[in-house]
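# Fold and contact review
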Amino acid sequence: SSGINAEYGIGNLIVLYTSLRYKSLNMDRVSSALLENLAAADLILSIVGGWPIYITVCANSWVLGKVGCVFNLFVTNIGGTCEILTLATISLYRAVLLRNLFFLRGVSQQKITLTLILLWATACIPSLTSLLTDSTVYYSPEQMSCTSSAYSLLPALVYSLTFLLLGLPMLTLLISNIAMLVVAVRYGISRKRSSSASEQDVNMTAVITVTCVCWLFIFSWVPYVIRVMCNASDVYIPRWYFTFQAHFLALNVCFNPIIYSFTNKSFKKVVKKRVFDALIESVRNVFRR
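Computed from a prediction, not measured in an experiment: that's the story for all the values here. (Residues numbered from 1 in each chain as written. Predicted model: local features only at pLDDT ≥ 70, side-chain atom pairs only at ≥ 80, totals over all residues. Heavy atoms only, no water.)

All right, on to the overall build of the chain then. Helix and strand content of the chain: 10 helices and two strands. Along its sequence from the N terminus, the chain presents helices and strands in the succession α-α-α-α-α-β-β-α-α-α-α-α. Looking at the 289 residues of the chain, the share that counts as buried comes to 48%. For the chain, restricting intrachain contacts to residue pairs at least 6 apart in sequence, the fraction spanning at least 24 positions comes to 79%. Working note: accessible area of the chain is about 15,100 Å², and carbon and sulfur atoms make up 69% of it. (Helix = DSSP H or I, 4+ residues; strand = E, 2+ residues; numbered from the N terminus. Buried < 20%, exposed > 50% of the residue type's maximum accessible area, 1.4 Å probe, protein only. Contact = heavy atoms within 4.5 Å. Areas by Shrake-Rupley, 256 points an atom, 1.4 Å probe, with all protein chains shown as cover.)

The next thing to look at is helix α4 (residues 109-123). Compared with an ideal rise of 1.5 Å per residue, which puts 15 residues at 21 Å, α4 spans 21 Å between its outermost C-alpha atoms and is within 8% of the ideal. Listed as buried for α4 are I112, L116, L119 and A123. Buried residues of α4, seen end-on, are gathered within an arc of 60° and therefore sit on one face of the element. Projecting away from the buried face of α4 at angles above 90 degrees are the exposed residues Q110, K111 and I117. (Expected span 1.5 Å × (residues − 1). Arc of directions from axis to C-beta.)

Once that is clear, we can look at the pattern of salt bridges. Per the stated rule, a full pass over the model turns up two salt bridges. We note a salt bridge from D28 to R94, for which the minimum N-O separation is 2.5 Å. Of the two residues, D28 is situated in the loop between α1 (2-22) and α2 (29-59) and R94 in helix α3 (residues 65-98); the sequence distance between them amounts to 66 residues. For D28, a relative accessible area of 21% corresponds to the partly exposed category. Here K272 makes a salt bridge to D277, at a shortest N to O gap of 3.5 Å. The exposure class of K272 is exposed, given its relative accessible area of 51%. (Salt bridge = Lys/Arg side-chain N within 4 Å of Asp/Glu carboxyl O.)

Turning next to the nonpolar core. Judged by nonpolar contacts, the single largest core of 45 residues is most densely connected at L35, L87, F217, W221 and Y260. Residue assignment for this core shows that the elements contributing at least two residues are α1, α2, α3, α4, α7 (155-187), α8 (197-232), α9 (239-263) and α10 (265-288). Each residue touching F217, except ones within four places of it in the same chain, is listed here: E83, I84, L87, M170, L173 and N252. Core analysis: the next-biggest nonpolar cluster, separate from the first, contains seven residues, C69, F74, V137 and C146 among them. (Core = buried A, V, L, I, M, F, W, Y, C linked by side-chain atoms within 4.5 Å.)

Quick look at the packing of α9 against α10 now. Close contact between α9 and α10 brings their axes to 5 Å; oriented N to C, the two are set at 105°. One element, α9, and the other, α10, form an angle in the roughly perpendicular class. Every residue of α10 that contacts α9 at P257, Y260, S261 and T263 is listed here: K265, F267 and K268. Among the residues making up the contact of α9 with α10, the classes are represented as three nonpolar, two polar and two charged. (Axes fitted to C-alpha atoms, helices over the stretch in contact; angles between N-to-C directions. Parallel < 35°, antiparallel > 145°, perpendicular 65-115°, else oblique. Nonpolar A, V, L, I, M, F, W, Y, C, P; charged D, E, K, R; others polar.)

Before going further, it helps to spend a moment on a positive patch on the surface. Together, R21, K269, K273 and R274 line one region of the surface with positive charge. With three residues, α10 is the single largest residue contributor to the positive patch. Mapped onto the elements, R274 comes out in helix α10. (Patch = residues over 30% accessible without salt bridge, like charges linked within 9 Å, V, L, I, M, F, W, Y side chains within 5 Å. Lys, Arg positive; Asp, Glu negative; His and termini not counted. Charge placed at Lys NZ, Arg CZ, Asp CG, Glu CD.)

Bringing the packing of aromatic side chains into the picture now. Two descriptors summarise a pair of aromatic rings, namely the distance from one centre to the other and the angle between the planes of the rings. The final tally for this structure, using the stated rule, is two aromatic pairs. Between the aromatic rings of Y17 and Y22, the centroid separation amounts to 5.9 Å while the plane-to-plane angle is 85°, which identifies the pairing as edge-to-face. Taking the relative accessible area as the measure of exposure, Y22 reaches 23% and is therefore partly exposed. Between the aromatic rings of Y260 and F267, the centroid separation amounts to 5.8 Å while the plane-to-plane angle is 80°, which identifies the pairing as edge-to-face. (Phe/Tyr/Trp six-rings, centres within 6.5 Å; stacked < 30°, edge-to-face > 60°.)

Purely geometric stuff here, so don't read any function into it on its own.
Here's what the structure looks like:
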């Protein structure tokens, strides 16, 4: 488990590094910015969310104190919510872009930055709501994670936030990705535009990459959604299920960089040349001395 956690942390760090420095994703500016934001959210989940839980499991108790528990719960909630909202945004953007709507052409960097800020600000709503109520944060041995009493004290609020920040985005994901597949097959992606072949290749790469990431996300987050709804309804959940859904979430984040390698030739080429080949050359230089 710790190996998986380390892998997806390093993988998303590579995504951020190669995309920001070498434009490895080779997509339009909006899609690249949103996928970079997704990698940042996944990296936060790895560092703040994953490692403390694995340390706790090894120690068989929470060793980071109450402040650490509050920090772990709130930051992982923010990172997870931002991941969902980012995927919903990029799915909706790609689906609408395939229809060649004029108002999405020439999106400025200022608008992209504002969109990212709004995504993170919206992701903070669940944590801020919990802080403003009388709920307490504590480590639950049964769930093997930090949790909030808001799940049982304010079930209506939890249901509402789950629907608004989890249910609606996942519904958007589902509809947008089905729409992308239908439009891609019917119109040949952007072939109806009189664009160059290179632009069509970029559009095809973006559609395939986003679709694969989103379907993996939908599949891997279903167990977590079931857990949240059961917590709010005081339904008994066996201990093994918490481990099961946690590993599903970890695999979702872990496989995102791998998906980029298979669906995006530019990303694969840049990572091989700028990261792995450079690392191998550095090791060789060390042994030559």
